[in-house]
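# Understanding the architecture of this molecule
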Amino acid sequence: VLKCHRDQVQAIHGWGDYIFTGGKGSPSSGSLMVWDLRKLNPNQASRKKKKIRISSPLYCFVYLGFASKIFYYGTRNHSIRRINIGSWDILSLFKPPHLDSVTGLAIVKDRLVSGSKDKHLRLWALDHAVNNSKHTLHAFNDYVNTVQSKFLIDIGPANHPIIYAGSKDGQVKACFSKNDRIE
């Protein structure tokens, strides 16, 4: 058992030798904990973690590979934020923010897709943080709970990843990322 957060765990993600957990925390702060699995054994699990104080409780996150070492997370305060896992520096947040809590993130080729309680999916460029919103799609009549992507050549337009989004009202929609738009 890994001792994590004082309150509920909102998200968990494993990538390579790391496990990331995000806690709900209080309305004004949340917590992100990172475990390096190479350094864990059952007797030392509670001592081999890195706790990162973040400004808002987080709901979701995704890690962009070993090359860039950028970890993206969505928060209750409508933002998408980034951390450089190599240096542990907190990078600038994406602008403009969503209109409500960010509840889902997925990497789509060289883009990031976010879902929110504002009922929208948003496509972002990953090359910088400010004014990198490429497209916003009103996806549901209730808020988006989760977002996932899959690259399938046999389904849909060739070479265009499929984005799946699930909403609070029980619907799952499949969309495509094409020409910096979600269709």
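Worth saying up front: this structure is predicted, and the values here are computed from it rather than measured. (Residues numbered from 1 in each chain as written. Predicted model: local features only at pLDDT ≥ 70, side-chain atom pairs only at ≥ 80, totals over all residues. Heavy atoms only, no water.)

In this model, the chain carries a mean pLDDT of 76, and residues with pLDDT of at least 70 account for 73%. Across residues 42–48, where pLDDT falls below 50, the model places 10 contacts with residues more than four positions away in sequence or in other chains. (pLDDT = per-residue confidence, 0-100. Contact = heavy atoms within 4.5 Å.)

Before going further, it helps to spend a moment on the sheet that holds strand E13 (residues 144–150). Pairing is antiparallel across the open sheet formed by four strands, whose spatial order is E13-E14-E15-E16. The open sheet is flanked by E13 and strand E16 (181–182), the only strands paired with a single partner. As paired strands, E13 and strand E14 (residues 162–167) are joined by six bridges and run antiparallel to one another. Among the inter-strand pairings, Ser149 is bridged to a residue of E14, identified as Ile163. (Pairing = 2+ DSSP bridges. Helix = DSSP H or I, 4+ residues; strand = E, 2+ residues; numbered from the N terminus.)

Tallied over the full model, the rule gives two salt bridges. Arg111 is the partner of Asp110 in a salt bridge, and the nearest nitrogen-oxygen pair spans 3.9 Å. By relative accessible area, Arg111 is classed as buried at 15%. Through salt bridges that share partners, Asp110, Arg111 and Asp180 make up one connected network. (Salt bridge = Lys/Arg side-chain N within 4 Å of Asp/Glu carboxyl O. Buried < 20%, exposed > 50% of the residue type's maximum accessible area, 1.4 Å probe, protein only.)

Looking now at the environment of Lys95. For Lys95, the position within the fold is in the loop between strand E8 (89–91) and strand E9 (102–108). The sequence separation of Lys95 and Arg81 amounts to 14 residues, and the corresponding C-alpha distance is 9.6 Å.

What follows is about the sheet that holds strand E11 (residues 120–125). Spatial ordering of the open sheet is given by E9-E10-E11-E12, a layout of four strands whose pairing is antiparallel. Each edge of the open sheet carries a strand with a single partner, namely E9 and strand E12 (133–138). Within this sheet the neighbouring strands show an average axis-to-axis angle of 20°, counted without direction. Sheet analysis places E9 next to strand E10 (residues 111–116), joined by six bridges and oriented antiparallel. The residue of E10 that forms the bridge with Val108 is Arg111. (Axes fitted to C-alpha atoms, helices over the stretch in contact; angles between N-to-C directions.)

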